[in-house]
Amino acid sequence: MRLRNVTGSREVIAACDYVIHEPRDCKGKWHEVFGNDSPIRIEIGMGKGHFIIELAKQNPDINYIGIEKYSSVLIRGIQKLETEPLPNLYFIRMEAEEITSVFAKGEVERIYLNFSDPWPKDRHAKRRLPSREFLHRYDEILIPDGVIEFKTDNHDLFQFALEELEPAGWEIVQMTEDLHHNAQMMKGNVMTEYEERFSSKGNPIYKYVIVR
C-alpha cells in the first residue's frame with residue numbers, strides 16, 4: 001500500500017525546483033520548459049520514481065515528466081533526484097484526470113502506465129488509467145503515431161484494459177502475459193519498484209504496447 005501521510009511532504013514539494021508547480025501554465029510550452037525540441041514522454045502514476053528516473057538517465061536526448069497525485073509518494077522521487085539531478089526530468093503532483101489541461105494536442109510522444117490502481121469495483125471503472133475514458137484523454141495529447149505502454153501484475157485489470165481498446169479506437173503493437181519470459185519485449189525493459197517485488201515472487205507481469 002502506498003504511503004499517503006508523510007509529515008512535511010507538501011512543504012518540501014512546494015519548495016522543490018524539480019517539480020512544476022503550475023503545470024497548466026506550461027500547456028503547449030513544454031519544449032520551452034525543457035529548453036529543447038526533444039520528444040516528451042510521461043509516466044502517469046510514477047510512484048517513487050525509480051522507473052522514470054532510470055529512463056531519464058539512459059536517454060538524455062528525451063524529455064520525461066513524472067506525474068503522481070500523492071505527495072508522500074512523490075517526495076521519494078524528489079529525494080532520489082536530489083542525489084543526481086537530471087536536466088531532462090520534471091515531476092508534477094496532480095490527478096491524472098487533469099492531463100488534457102496540462103498538455104496540448106500532439107505535445108506528448110509516449111505515455112507509460114505502470115502498475116496502476118486497479119479500482120476493482122465496477123462503479124470505479126472510469127477511474128482506471130487504461131479505461132476508454134482515459135484512452136480518449138491520451139488521444140488528445142499524443143502525437144499522431146504516439147504510443148502507450150502499460151504494465152501490471154493484475155490479471156483482471158489487464159483483461160479489462162484489452163477489452164477497452166477496440167471501443168476507444170486503439171490497437172495492439174505488442175502484448176505478453178508473461179513479460180519476464182518474453183525475450184523480445186524484455187529488451188530495454190526498466191523495472192519499477194512494484195515490478196521488482198512482484199516478479200521476484202514469480203508473479204507474471206502483463207504488458208501491452210498500443211497505438212491508434
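All values reported here derive from a predicted model rather than from experimental measurement.

(A) Main features of the pattern of salt bridges. Going through the model one piece at a time under the given rule, you end up with nine salt bridges. Across the salt bridge formed by Lys57 and Glu84, the nearest N and O atoms sit 3.3 Å from each other. Within this pair, whereas Lys57 is found in helix α3 (residues 50-58), its partner Glu84 is found in the loop between α4 (71-83) and β3 (89-93), the two being separated by 27 residues in sequence. Residue Glu84 is classed as partly exposed on the basis of its relative accessible area of 40%. Here Arg212 makes a salt bridge to Asp139, at a shortest N to O gap of 2.6 Å.

(B) Quick peek at the packing of aromatic side chains. Applying the stated criterion across every chain yields a total of 10 aromatic pairs. Judged by centre distance (6.0 Å) and plane angle (40 degrees), the rings of Phe158 and Tyr208 are tilted. Placement of Phe158 in helix α7 (residues 155-168) and of Tyr208 in strand β7 (residues 206-211) is noted, with a sequence separation of 50 residues between them. Under the relative-accessibility criterion, Phe158 is labelled buried at 0%.

(C) Just helix α9 (residues 193-200), in detail. Where α9 begins, the capping side chain belongs to Thr192, and its oxygen is found 3.3 Å from the backbone nitrogen of Tyr194. Phi turns positive one or two residues past the end of α9, at Gly202, with a value near 90 degrees.

(D) Structural detail: the environment of Lys69. Turning to its location among the elements, Lys69 is positioned in the loop between β2 (63-68) and α4. When the C-alpha atoms of Lys69 and Met94 are compared, they prove to be 4.7 Å apart, with 25 residues separating the residues in sequence. Aside from chain neighbours lying at most four places away, what touches Lys69 is Arg93, Met94, Glu95 and Trp119.

Thresholds applied
- Going along each chain's sequence as written, the residues are numbered from 1 onward.
- Local features in this predicted model are restricted to residues whose pLDDT is 70 or higher, and side-chain atom pairs enter the listing and the counts only when it is 80 or higher, whereas totals over whole chains, interfaces and linings include all residues.
- Neither water nor hydrogens contribute to the side-chain values; these are computed over all heavy atoms in the structure.
- Throughout this description, the term salt bridge denotes a Lys or Arg side-chain nitrogen within 4 Å of a carboxyl oxygen of Asp or Glu.
- Only runs of H or I of at least four residues qualify as helices and only runs of E of at least two qualify as strands under DSSP, and these elements are numbered from the N terminus.
- Only protein chains enter the accessibility calculation, which uses a 1.4 Å probe; a residue is then buried when its area is under 20% of its type maximum, exposed when over 50%, and partly exposed in between.
- Centre distance within 6.5 Å is the pairing criterion for rings of Phe, Tyr and Trp, where only the six-membered ring of Trp is used; planes under 30 degrees apart are then read as stacked, over 60 as edge-to-face, and the remainder as tilted.
- We call two N or O atoms a polar contact when they sit within 3.5 Å, provided that within protein one can donate a hydrogen and the other can accept it, with sequence-adjacent residues counted only if both atoms are side-chain atoms.
- Contact criterion: two residues are considered in contact whenever any of their non-hydrogen atoms come within 4.5 Å of each other.

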